[in-house]
Amino acid sequence: MTEPDKAKQLADLEARIKAAKGGGESRAHQEEHYSMAQHGWRMVTELVAGLGIGFGIGYGLDSLFGTLPIFLVLFTLLGFVAGVKTMMRSAAELQKGQSAQEAGEDERTNDGN
């Protein structure tokens, strides 16, 4: 085999490797989609957990003291507020991570120009 034949084979091989690596973009989009779904479920779970814990504490206190469902209503509302607050904190954390990721992508794009 001559030197030009080896160089041509090497160039062909590099082109095939580059084409094979180019297919990774669709996977990243799918992983991002599932990641967003996981974040959504996490936020819903945090809200429901806050409601459940508040309901449980309120019901327990009402049973313990034999009162009207005043503690039940009060702690259910407090649980809802705590769940929303936790949800908002998670959303802010997610947004902070996305903006940092987008800033990193912008830097790579600008470095390439």
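Refer to the structure presented above.
Quantities reported herein were computed from a predicted structural model and do not represent experimental measurements.

Draft legend 1. Structural view of the overall build of the protein chain. Each helix and strand counted, the protein chain has three helices and zero strands in total. Starting at the N terminus, the α and β elements of the protein chain follow one another as α-α-α. Burial statistics for the protein chain: of 113 residues in total, 9% are counted as buried. Once local pairs closer than 6 in sequence are excluded, the contacts in the protein chain between residues at least 24 apart make up 54%. As displayed, the protein chain offers around 9,300 Å² of accessible surface, 63% of which is attributable to carbon and sulfur atoms.

Draft legend 2. View of the environment of M88. Tracing the chain through its elements places M88 in helix 3 (residues 70-112). Through-space distance from the C-alpha of M88 to that of M43 is 8.4 Å; in sequence the pair is 45 residues apart.

Draft legend 3. Layout of a nonpolar patch on the surface. Together, L10, L13 and I17 give the surface a local cluster of nonpolar side chains, amounting to about 260 Å² of exposed area. Within the secondary structure, L13 is located in helix 1 (residues 3-22). For L13, a relative accessible area of 39% gives the class partly exposed.

Draft legend 4. Layout of the packing of aromatic side chains. Overall, the coordinates contain three aromatic pairs when judged by the stated rule. Look at F55 and Y59: their rings are 6.3 Å apart centre to centre, the planes differ by 10°, and that puts the pair in the stacked class. Pair noted here: F55 and Y59 are both in helix 2 (residues 24-65), with a separation of four residues, about one helical turn. An aromatic cluster of three or more residues is present, and its members are F65, F71 and F75.

Rules used in this analysis
- Residues numbered from 1 in each chain as written.
- Predicted model: local features only at pLDDT ≥ 70, side-chain atom pairs only at ≥ 80, totals over all residues.
- Heavy atoms only, no water.
- Helix = DSSP H or I, 4+ residues; strand = E, 2+ residues; numbered from the N terminus.
- Buried < 20%, exposed > 50% of the residue type's maximum accessible area, 1.4 Å probe, protein only.
- Contact = heavy atoms within 4.5 Å.
- Areas by Shrake-Rupley, 256 points an atom, 1.4 Å probe, with all protein chains shown as cover.
- Patch = residues over 30% accessible without salt bridge, like charges linked within 9 Å, V, L, I, M, F, W, Y side chains within 5 Å.
- Salt bridge = Lys/Arg side-chain N within 4 Å of Asp/Glu carboxyl O.
- Phe/Tyr/Trp six-rings, centres within 6.5 Å; stacked < 30°, edge-to-face > 60°.

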